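Structural characterization, general
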Amino acid sequence: MASSHSLLFSSSFLSKPSSFTSSLKRFVYVPTRRFWPRQRHGFSTVFAVATEPAISSTGPKKTEPATVPLPSNESSDKLLKIRHTCAHVMAMAVQKLFPDAKVTIGPWIDNGFYYDFDMEPLTDKDLKRIKKEMDRIISRNLPLLREEVSREEAQKRIMAINEPYKMEILEGIKEEPITVYHIGNEWWDLCAGPHVETTGRINKKAVELESVAGAYWRGDEKRQMLQRIYGTAWESEEQLKAYLHFKEEAKRRDHRRIGQDLDLFSIQDEAGGGLVFWHPKGAIVRNIIEESWKKMHVEHGYDLIYTPHVAKADLWKISGHLDFYRENMYDQMEIEDELYQLRPMNCPYHILLYQRKRQSYRDLPIRVAELGTVYRYELSGSLHGLFRVRGFTQDDAHIFCLEDQIKDEIRGVLDLTEEILSRFGFNKYEVNLSTRPEKSVGGDDIWEKATCALRDALDDKGWSYEVDEGGGAFYGPKIDLKIEDALGRKWQCSTIQVDFNLPQRFDITYVDTNSDKKRPIMIHRAVLGSLERFFGVLIEHYAGDFPLWLSPVQVRVLPVTDNQLEFCKEVSKKLRACGVRAELCHGERLPKLIRNAETQKIPLMAVVGPKEVETGTVTVRSRFGGELGTIPVDDFINKINIAVETRTAL
């Protein structure tokens, strides 16, 4: 299992140009270009930037990169203190330059810090001025002093400097005494710490202000819009450079840009924000994901179902969603004097199917699975490509079982999860087991039994995991799994939750060996999370360079001139008839056709000239394997089918 306590960064991208060799040189001179291989898309440590090995005609040439370890807040108390102090130093700098600015909160975050200010909008030029002032404060080596004061004294001081947001923060602090941190004798803030001893402990060359964004106070869109300044801070200048290089690589992999460049998906303004349009190429990948998902679920004993997108509002009253989840649900619609609701969840539908007939203990476990589209309200400012949307398809499943079946069912879900995720190239996970919170439903015995079943299933699987004491849902313990992508970033996808609540709300039962009615255990589980979000993660994991078996277009057939066009049409037709996703491109000079195929990240190019027409062959170039030579069309198809079947490169 991957550790989350350190970061590893490759300090440079190493690549050497490759050129077309013998066969393609018969057609045209092609300038040297970079071809990015698949072999190094996996990483053994978190938060790493890829170093791409060069490809030559003899195969990939690997070069060991220099690395700079990047600590995390969890692994380095020093780094956490630096980032927290940087937030204070930035706030002090802002108020020196903009005396009318009002401060709010300024925490440390995963890669740095931020602070929210009530002030006029800031520009990039303003950020540079703020950074210079921060450097001056750091260079003065001012001490950070902790002071404890009474609530009355804190109120008095806040009123004296007219900081209304701080007064609201103070009202939310229940503990006493109140702690205050001073930077020298010039600036102070309500704060519990921790901080470095002096500003001079911060390496000003390891700090950078990154961006400005709008943020509502307390996250409430009805309240004041604030200016949020984001910054990053590290222990050394080398770490900062490594992190900035990582950011550039993450930007190169941004699924929104790649989705547009490769024509995979879009969000259409005319239709509304957060609603995804799957373009033909993106739909091909989605279909592959769905078919693989369905096949593996059937093999693991699930029944596939389909349920409606709307239901009577009363259903959501029974489930409790209207009481606890209303802010994430869309407005109800009236149909023939009855109120209906777009579904935010699939769970109640699956329960209704369970209730359609009398169930016996002999029928359990019952496993139902659905790729069900749900609709949840999100603020427009929180929408983000495929990662945060308003309509999405969950790979949802529910298991109804006996108490003594919980462990085996959880173990089965873990096995299925590993099988599905590994198929798509994800083999490193971070696993958390969350236990009973203070407020919960269900008795002590069933909580203990369910938690032990989850723990035993993880132990049987051999996966390491962290225990989040009290972090479970009010209705049952859960397992959360984050996958690690090619950059070492963690993405929440899979979840397994035991539920004692909904079976009681819907009064679902089974008949036991004594013909008595008993309550079954219900297990919620998702492997991919949502198809939209998982597709976004896939795009960024592979940087759009999908492996051959997953690529929306596997082969692009390219004629040297239009004289070979008819033969190319025959080749394309034969490829498609044999299940190969092929397309024919012509009408440009061959060098441009080749460059276009590279830009579109097509795995295979089949070039056809006069000799190929004469011999019934194609000259093949692999995006990942280089020049493959001239091959009979039937042999080419056979090689592709074998590669797809084994999910290997050609």
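Residues numbered from 1 in each chain as written. Predicted model: local features only at pLDDT ≥ 70, side-chain atom pairs only at ≥ 80, totals over all residues. Heavy atoms only, no water.

Basically, it comes down to this: UniProt positions are given in the numbering used here, feature names are shortened, and annotations may be inferred rather than shown by experiment.
The name recorded for the protein chain in an unreviewed UniProt entry is threonine--tRNA ligase, from Camelina sativa. According to the UniProt record, the Sequence similarities (unreviewed entry) comment for the protein chain reads "Belongs to the class-II aminoacyl-tRNA synthetase family." UniProt, in the comment section headed Catalytic activity (unreviewed entry), describes the protein chain in these words: "tRNA(Thr) + L-threonine + ATP = L-threonyl-tRNA(Thr) + AMP + diphosphate + H(+)".

1. Looking at the layout of surface pockets
So the rule is basically this: Of the two site types, the cavity is a set of points on a 1 Å grid over the protein atoms alone where a 1.4 Å probe fits but cannot get out, and the pocket is an open set with protein on both sides within 12 Å along at least five of seven lines, each lined by residues with an atom within 4 Å of a point. Grid points are joined across faces, edges and corners, and a volume is the space filled by probe spheres set on the points. The nonpolar class holds Ala, Val, Leu, Ile, Met, Phe, Trp, Tyr, Cys and Pro. Asp, Glu, Lys and Arg form the charged class, and all remaining residues, Gly among them, are polar.
In this structure, the second largest pocket occupies an estimated 1000 Å³ of space. What lines the second largest pocket is a set of 32 residues, among which Y325, M345, R376, Q394 and Q497 lie closest to the centre. Residue composition of the lining of the second largest pocket, by class: 13 nonpolar, 12 polar and 7 charged.

2. A look at helix α3 (residues 124–139)
Heads up, the condition is: Numbering of helices and strands runs from the N terminus, with a helix taken as a DSSP run of H or I at least four residues long and a strand as a DSSP run of E at least two residues long. An expected span of 1.5 Å times one less than the residue number is assigned to each helix. Each residue is placed in one exposure class: buried if its accessible area under a 1.4 Å probe, protein chains only, is under 20% of its type's maximum, exposed if it is over 50%, and partly exposed if it falls in between. The contact criterion used throughout is that any non-hydrogen atoms of two residues lie within 4.5 Å.
When the terminal C-alpha atoms of α3 are compared, their 23 Å separation across 16 residues agrees well with the 22 Å that a helix rising 1.5 Å per residue should span. Of all the residues in α3, the buried ones are D126, L127, I130, K131, E133, M134, D135, I137 and I138. For α3, the elements touching its buried residues are α2 (77–97), β7 (112–118), β9 (178–183), β11 (207–216) and β12 (225–233). Just downstream of α3, N141 is the residue with a positive phi angle, here 55°.

3. Overview of the sheet that holds strand β30 (residues 604–608)
Strand pairing in a sheet is mediated by backbone hydrogen bonds. Such pairs are either parallel or antiparallel. Counted only if it meets this: Paired strands, as defined in this entry, are two strands with at least two bridges between them according to DSSP. Angles here are taken between N-to-C directions and fall from 0 to 180 degrees, while the axes themselves are lines fitted to C-alpha atoms, restricted in helices to the stretch in contact.
The 5 strands lie next to each other as β29-β28-β30-β31-β32, forming an open sheet whose pairing is mixed. Of all strands in the sheet, those bounded by a partner on one side alone are β29 (582–584) and β32 (626–632). Adjacent strand axes in the sheet meet at a mean angle of 25°, parallel and antiparallel pairs treated alike. The strands that helix α16 (residues 565–577) touches are β28 (555–559), β29, β30 and β31 (617–622); relative to β29, the one it contacts most, it runs at about 165°.

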